[in-house]
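A closer look at the structure
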Amino acid sequence: MTTAQPQELDVQPTPLALLLLGREADPRSERGVECPGDLPSPSDPDLVARARAAKEKLGDKVFVLGHHYQRDEVIQFADVTGDSFKLARDAAARPEAEYIVFCGVHFMAESADILTSDDQKVVLPDLAAGCSMADMATAEQVAECWDVLTEAGIAEQVVPVSYMNSSADIKAFTGKHGGTICTSSNAERALNWAFEQGEKVLFLPDQHLGRNTAVRDMGMSLEDCVVYNPHKPNGGLTAEELRAAKMILWRGHCSVHGRFSLDSVNDVRERIPGVNVLVHPECRHEVVAAADHVGSTEYIIKKLEAAPAGSKWAIGTELNLVRRLANRFAPEGKEIVFLDKTVCFCSTMNRIDLPHLVWALESLAEGTLVNRIEVDKETEAFAKLALERMLALP
């Protein structure tokens, strides 16, 4: 009896395996990119002082943007805070700033690069800070979808509307095909405009914002909406289903807002009598339908600012913002809780931490440009066209 000897297998790791192992980068992805420098230790007690010193040394040459979902330790160094589009516009309004340090995620930094001048350089402290929603629609997948719509004989009737939470490639596709960008604040206006241009809308990449706007705000029915799944042949839809639909929703979602459920709403109402449920329109349709108020991050903040003392609120959005608002309004007697019992941060947004920010600021202060986000000129031109259509919305 002989024992088989183990054979040497000539197995080469795939690009995806290398990406998941952190040993390779995908230039079309928002993940898996290592910083080419040494970060200070997270336990460094001097991080706050070092960030402040580097920022002071840079002076007016640097403009730091902080998204609402950032950690408190990072947001304290932001010159302005806001949602993604507001921050990109704020950057464009500061032409004297040579460096725009965007404490947010990849697609936000891309938007800032599109809207700022060629002389300004946009820096993302951690290149691995991506967005799961934006990753759910690639340029290749959307081009294939357009081919499906063409084969169904409806492409000429379809106007693409892309959420701000999308890559520069998707924004460029939208601009090239006569569409516009939208935010969670102006999605209804964008859709009204789109339906004046054509009979159908391809909404990218967040199905929930598209569905909630169409059904809740514009009076369409759920039957007017179909979901295009890029991982299925023809999007998992027949030509007849595509021809009958008004809203063709991309199968994408926010990993944070998608966690909230109808059970979350029912549970918080039982636990806190008289609570007001306030959620973001990226939440699922049944959650939005059961909520008392629905709106963007800016809407949520303004709603709480105007709320009477002693009122109770359960908020369905990212936890960093909810905790910040709870602390801010506690002295006014407003009780603010997270909608879900399970703690859930935006994991990719939280990649921007104080060590990464310190490293980026100190590198810039020493004259070394790191982690620059730069959109190629052709993509920038078509993406800017789509953004300009949004700015021109009535």
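Here the structure is shown first, and the text comes after it.
Residues numbered from 1 in each chain as written. Predicted model: local features only at pLDDT ≥ 70, side-chain atom pairs only at ≥ 80, totals over all residues. Heavy atoms only, no water.

**A closer look at the pairing of strand β3 (residues 99-103)**
Counting buried positions along β3 gives five out of five residues, so the element sits mostly inside the fold. The alternating pattern of β3 places Tyr-99, Val-101 and Cys-103 on one face and Ile-100 and Phe-102 on the opposite face, and all of these are buried. Relative to β3, strand β1 (residues 62-67) runs parallel, the two sharing five bridges. Of the residues in β3, the one forming a bridge with Gly-66 is Cys-103. Summarising the sheet, β3 and strand β4 (residues 121-123) pair through three bridges and their orientation is parallel. Note that in β4 the partner of Tyr-99 across the bridge is Lys-121. Remark: the β3/helix α5 (residues 106-115)/β4 crossover connection has right-handed handedness. (Buried < 20%, exposed > 50% of the residue type's maximum accessible area, 1.4 Å probe, protein only. Helix = DSSP H or I, 4+ residues; strand = E, 2+ residues; numbered from the N terminus. Pairing = 2+ DSSP bridges. Right-handed = clockwise from strand over helix to strand, strands pointing away.)

**What about the state of the cysteines?**
Counting across every chain of the model gives zero disulfides. Looking at Cys-182, it has no disulfide partner, and the nearest cysteine sulfur is the one in Cys-131, 14 Å off. Lacking any disulfide linkage, Cys-346 is separated from the closest cysteine sulfur, that of Cys-254, by 6.5 Å. Residue class for Cys-346 comes out buried when judged on its relative accessible area of 16%. (Disulfide = S-S within 2.5 Å.)

**Brief notes about the nonpolar core**
Val-101, Phe-203, Met-247, Val-279, Leu-304, Leu-339 and Leu-361 are the most contacted members of the largest nonpolar core, which has 107 residues in total. The element best represented in this core is helix α16 (residues 354-365), accounting for eight residues. Core analysis: the next-biggest nonpolar cluster, separate from the first, contains 21 residues, Ala-137, Leu-202, Tyr-228 and Ile-248 among them. (Core = buried A, V, L, I, M, F, W, Y, C linked by side-chain atoms within 4.5 Å.)

**As for unusual backbone geometry**
Omega for the peptide link from Leu-204 to Pro-205 comes to -20°, which places this bond in the cis form. Structurally, Pro-205 is set in the loop between β7 (200-204) and α10 (207-217). For Asn-234, which is not a glycine, the phi torsion comes out positive at approximately 60°. By the secondary structure assignment, Asn-234 is in the loop between β8 (225-228) and α11 (239-244). For Asn-234, a relative accessible area of 40% gives the class partly exposed. Positive phi, normally seen in glycine, also occurs at Asn-371, with a value near 50°.

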